Amino acid sequence: MNIRQRLLLKLGSLIQEAERSWSLSKLRSCGSSVRIDRRVFIWPEEQLDVGNNVDINGYTTIYAGGGVRISDNVLIAANCVITSVSHPTAADQRRQLVLSPVELLDNCWIGANSVILPGVTIGKNSIVAAGSVVTASIPDNCICAGIPAKIVRNLNSIEGSSCTP
């Protein structure tokens, strides 16, 4: 690789970093060590709170109109949809919006191609299996899977945990 190619490569990476920083600055709040792939779609950015050490992979869509809070150490795989916006079920009201916040608590992991619907909280240390559709909140220390997602395993070996399959 000659010097010209090296300079162009470096310039391209600097431009990508500047674009990434610009988009992070539009979020309502953003912690440190956050990596949001440039192919992630977030709208509106001003309704998204992101904690520290968060990783959001490509082709994920976040509709944050009702508020989305992503806590620390959260992993979101590729092709996920997280939405805090819905519509009423009554036919004459479907053009209206229903806003209901979504929370992804500390250290949770959202598997590829998962959908998180409005009003859902994913508990601390919980895992959403790939391809799941989460329609109701998931407690701490659980694995959920399926359409709709159901709790399939307790990650906590302590007796009396609130996570019961």
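Below: a short report on this structure. (Residues numbered from 1 in each chain as written. Predicted model: local features only at pLDDT ≥ 70, side-chain atom pairs only at ≥ 80, totals over all residues. Heavy atoms only, no water.)

### A look at the overall build of the chain
We apply this condition: Strands here mean DSSP runs of E at least two residues long; helices mean DSSP runs of H or I at least four residues long; both are numbered from the N terminus. Relative accessibility thresholds used throughout: buried, under 20% of the residue-type maximum; exposed, over 50%; partly exposed, between the two (1.4 Å probe, protein chains only). Residue contacts are defined here by distance: any two heavy atoms, one from each residue, within 4.5 Å place the two residues in contact. Here, Shrake-Rupley sampling with a 1.4 Å probe gives the accessible areas, and only protein chains in the shown set may cover a residue.
For the chain, the helix and strand inventory stands at one helix and 19 strands. Going through the 165 residues of the chain one by one, you find that 35% of them count as buried. Put simply, 17% of the contacts in the chain that link residues at least 6 apart link residues at least 24 apart. Surface summary for the chain: the accessible area is close to 9,500 Å², and the carbon and sulfur share equals 54%.

### Overview of the sheet that holds strand 5 (residues 55-56)
Rules: DSSP-based pairing: two strands are paired if at least 2 bridges between them are found.
What the seven strands build is an open sheet, ordered 2-5-8-13-16-18-19; its pairing is mixed. Looking at strand neighbours, the two that pair on one side only are strand 2 (35-36) and strand 19 (150-154), the edges of this open sheet. Here strand 13 (residues 109-110) pairs with strand 16 (residues 127-128) via two bridges, running parallel. Within strand 16, the position partnered with W109 by the bridge is I127.

### As for the side chain of S114
Here is the rule: In the analysis that follows, any N or O atom pair within 3.5 Å is treated as a polar contact, provided that within protein one partner can donate a hydrogen and the other can accept it, and provided that, for residues neighboring in sequence, both atoms belong to side chains.
Within the fold, S114 resides in the loop between strand 13 and strand 14 (115-116). Within the local environment of S114, its side chain forms a polar contact with the backbone oxygen of G111, the two atoms lying 2.8 Å apart. Discounting residues that sit within four places of it in the chain, S114 has contacts with N79, C80, V81, V128, A129, A130, G131 and S132.

### A word on the pairing of strand 18 (residues 142-145)
Where strand 16 lies against strand 18, two bridges are found, and the strand directions are parallel. The residue bridging I127 from the neighbouring strand is I143, located in strand 18. One ladder, built from four bridges, connects strand 18 with strand 19; its direction is antiparallel. Across the sheet, the residue bridging to C144 is I151, located in strand 19. Count of turn residues in the strand 18/strand 19 antiparallel hairpin: four residues, of which G146 carries a positive phi of about 105°.

### A few points about the state of the cysteines
Short version of the rule: Count a disulfide wherever a pair of cysteine sulfur atoms falls within 2.5 Å.
Applying the stated criterion across every chain yields a total of zero disulfides. The cysteine C108 is free of any disulfide, with C144 supplying the nearest cysteine sulfur at 9.8 Å. A relative accessible area of 1% places C108 in the buried class. The structure places no disulfide on C144, whose sulfur is separated from the nearest cysteine sulfur, that of C142, by 8.1 Å.

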